[in-house]
Amino acid sequence: MRGVDRRTMMTGVGAAAAASLAAGAEGFVQVPGGRVWWRRTGSGRGAPLLLLHGGPGAGHDYLLPLKVLADERPVIFYDQLGCGRSDAPQEAGVYTIERAVQELIAVRKALGLERICLFGNSWGAMLAIEYMVTTGGPGVQKLVLSGALASTPQAVAGMNRLLDALPDGAGARIRALDAAGKGATAEYQELVQLFYDRHLCRRKPPPAEYIRTGENLAKSPAYKWMNGPNEFTITGVIKDWERRRDLRRIKVPTFITTGQYDEVTLDCHQTIQEEIRGSDLTIFGDCSHLTMLEKPAEYARAVREFIR
Ligand code: PHE
């Protein structure tokens with residue numbers, strides 16, 4: 001390894017073997033639809049922690065506060081297809097939930113991740129649930145579901161309640177502008193920001209990772225085709241996703257986290273907690289959806305304790 005550029009080494013054939021030798025490494029994995037970028041940091045004996053970002057299309061950036069867990073185990077980030085450093089084909093048909101599951105399978109296989117702790121935030125939690133119920137999650141030892149939902153209709157109902165509770169009739173105004181096809185106006189964008197400041201990330205000023213996440217989402221075909229134009233207008237392929245009845249098939253120890261003001265409302269998390277036997281739910285005060293950016297140290301500590 002000495003003297004060899006790691007980045008070059010980790011791309012292409014032999015990546016898995018090389019990755020298992022190096023504590024820190026990065027590269028690309030071929031998955032259905034294109035190549036996705038990954039990075040592994042840290043070593044240690046704990047089961048590797050594999051992180052699934054949300055959006056879809058948000059990229060790994062906002063999960064970086066969880067890097068501190070790399071002192072006890074490898075931590076693996078990857079940008080899902082359609083964002084960040086990964087390929088981003090534009091065609092709508094590429095972006096399906098099934099393909100995302102196949103991508104996760106391909107990433108695990110290429111990196112030799114036989115046993116893992118699996119973390120998913122938001123869409124990443126949806127993907128983790130979908131993966132667990134459709135594949136059984138071989139080798140998954142612990143599961144963390146953050147800002148999580150098992151049903152898009154349930155989450156959309158919650159978001160509608162949050163819209164209704166915005167000050168000065170902002171929710172009604174958002175709906176009126178939407179109905180008039182005025183989603184691109186400055187007024188609409190300001191109202192979206194009002195919702196995000198309350199329910200997506202409450203930290204002021206927003207950290208750099210949050211800005212990067214917004215930039216990722218704005219240009220991601222995955223966000224456009226799978227989610228929709230913004231967080232509360234879900235028009236993409238995930239809009240009818242429903243796994244509430246399948247949750248009981250998840251049998252691994254599960255930790256569910258949410259923020260007091262999370263855009264994914266508390267009932268969504270409570271449903272998961274009721275259905276996954278023995279799971280725990282923690283609500284972080286003064287936080288919303290991106291708790292790992294709002295209270296990074298406290299959040300990482302809670303995840304650390306659970307996966308330890
Ligand atoms: N867009 C959310 C995310 O950041 C996922 C989501 C979809 C949340 C549908 C609620 C309803 O991943």
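Okay, so let's go over this structure.

Definitions and limits used
- Residues numbered from 1 in each chain as written.
- Predicted model: local features only at pLDDT ≥ 70, side-chain atom pairs only at ≥ 80, totals over all residues.
- Heavy atoms only, no water.
- Near = heavy atom within 4 Å.
- Polar contact = N/O pair within 3.5 Å; in protein donor to acceptor, adjacent residues only side chain to side chain.
- Areas by Shrake-Rupley, 256 points an atom, 1.4 Å probe, with all protein chains shown as cover.
- Helix = DSSP H or I, 4+ residues; strand = E, 2+ residues; numbered from the N terminus.
- Nonpolar A, V, L, I, M, F, W, Y, C, P; charged D, E, K, R; others polar.
- Salt bridge = Lys/Arg side-chain N within 4 Å of Asp/Glu carboxyl O.
- Buried < 20%, exposed > 50% of the residue type's maximum accessible area, 1.4 Å probe, protein only.

1. Comments concerning the site of the ligand
Step number 1: Not every one of the 14 residues close to the ligand is listed here, only the nearest: Gly55, Ser122, Trp123, Asn227 and Glu231.
Step number 2: Between a nitrogen atom of the ligand and a side-chain N or O atom of asparagine 227, the distance comes to 2.7 Å.
Step number 3: When the free accessible area of the ligand is taken as 330 Å², the share hidden by the protein chains comes to 97%.
Step number 4: Counting residues per element, the shell around the ligand draws most heavily on helix H5 (residues 152-164), which supplies 3 residues.
Step number 5: A class-by-class count of the residues in the shell around the ligand yields 7 nonpolar, 6 polar and 1 charged.

2. Some words on the pattern of salt bridges
Think of it this way: side chains of opposite charge can pair up when their charged atoms draw near.
Step number 1: The full count for this structure, using the stated rule, is 18 salt bridges.
Step number 2: Between lysine 204 and aspartate 197 there is a salt bridge, with its nearest N and O atoms 3.4 Å apart.
Step number 3: Looking at lysine 204, the relative accessible area reads 55%, which means it is exposed.
Step number 4: We note a salt bridge from lysine 295 to glutamate 298, for which the minimum N-O separation is 4.0 Å.
Step number 5: Here the salt bridges share partners, and the residues they tie into one network are Asp71, Glu72, Arg304 and Arg308.

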